[in-house]
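If you want the building blocks of each chain, they are given just below.
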Amino acid sequence: QSRLKDFKKADTQILGISVDGMKRSADLAKKLSLTFPILLDTSLKVIRAYRVNHEKGGYDPDAMDIARPALFVIDRKGVIVWRHFTENWRVRKRPDKILSILNKIP
């Protein structure tokens, strides 16, 4: 969020995808002051298509499936040109790294 202006200058659209319902996603976006769209995928259709499904994610034995932390850069033709996966949601690629990748896309 703090570098959103830099991504807009790079002619990039930032989106989040969440398995959570509308209220929970909206509450989280408000809490984190997120201004980019958070898309809902409560059926996990997109999450499974991108192969980032984490079955029974979390520590609760009754936990629902969630998405693994992942970043995708998709070009204007819909081709994934870069991706990053992590097992730890706290470990993310820094915005400078992603912006440098964006600068290499024709």
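Figured I'd write up the structure that's included with this text. (Residues numbered from 1 in each chain as written. Predicted model: local features only at pLDDT ≥ 70, side-chain atom pairs only at ≥ 80, totals over all residues. Heavy atoms only, no water.)

## Side note on the overall build of the protein chain
This is how it is decided: We count a stretch as a helix when DSSP gives it H or I for four or more residues in a row; a strand needs E for two or more, and each element gets its number in order from the N terminus. When accessible area is computed with a 1.4 Å probe and restricted to protein chains, residues below 20% of their type maximum are described as buried, those above 50% as exposed, and intermediate ones as partly exposed.
If you tally the helices and strands in the protein chain, you get 4 helices and 6 strands. The linear arrangement of helices and strands in the protein chain, starting from the amino end, is α-β-α-β-α-β-β-β-β-α. Its C-alpha atoms give the protein chain principal-axis dimensions of about 45 × 30 × 25 Å. The buried share of the protein chain, taken over its 106 residues, is 25%.

## Concerning the packing of aromatic side chains
The condition that has to hold: We call Phe, Tyr and Trp rings a pair once their centres come within 6.5 Å, taking the six-membered ring for Trp, and we label the pair stacked below 30 degrees between planes, edge-to-face above 60, and tilted otherwise.
This structure, assessed with the given rule, holds 2 aromatic pairs. With 4.9 Å between their ring centres and 70° between their planes, Tyr50 and Phe72 make a pair best called edge-to-face. In this pair, Tyr50 sits in the loop between α3 (45–49) and β3 (53–54) while Phe72 sits in strand β5 (residues 70–74), placing the two residues 22 residues apart along the sequence. The class of Phe72 is partly exposed, set by a relative accessible area of 26%. One aromatic cluster in this structure is built from Tyr50, Phe72 and Phe85.

## Details of the pattern of salt bridges
Here is the rule: When a carboxyl oxygen of Asp or Glu lies within 4 Å of a side-chain nitrogen of Lys or Arg, that pair is called a salt bridge.
A complete count under the given rule lists 5 salt bridges for this structure. Between Asp96 and Arg3 there is a salt bridge; the shortest N-O distance is 2.8 Å. Placement of Asp96 in helix α4 (residues 95–103) and of Arg3 in the segment before α1 (4–9) is noted, with a sequence separation of 93 residues between them. Between Asp20 and Arg24 there is a salt bridge, with its nearest N and O atoms 3.7 Å apart. Classification of Asp20 by relative accessible area gives buried; the value is 18%.

## Structural notes on a nonpolar patch on the surface
Heads up, the rule is: Grouping into patches uses exposed residues only, defined as over 30% relative accessible area, and leaves out salt-bridged ones; the cut-off is 9 Å for like charges and 5 Å for nonpolar side chains (Val, Leu, Ile, Met, Phe, Trp, Tyr). In these tables, accessible area is a Shrake-Rupley quantity obtained with a 1.4 Å probe, and a residue counts as shielded only by the protein chains included in the view.
Together, Leu15, Ile17, Leu39, Val46, Tyr50 and Ile74 make up a nonpolar patch on the protein surface, roughly 480 Å² of accessible area in all. Structurally, the position occupied by Val46 is in helix α3. Val46 gets classed as partly exposed once you look at its relative accessible area, which sits at 34%.

## As for the pairing of strand β6 (residues 80–85)
Going by this rule: Two strands pair under a simple rule: DSSP has to find at least two bridges between them.
Pairing of β5 with β6, which is carried by 5 bridges, proceeds in the antiparallel orientation. Counterpart to Val73 in the pairing with β6 is Trp82. In textbook terms, the turn of a hairpin is the stretch between consecutive antiparallel strands, and for β5 and β6 this stretch comprises 5 residues, one of which, Gly78, has a positive phi near 90°.

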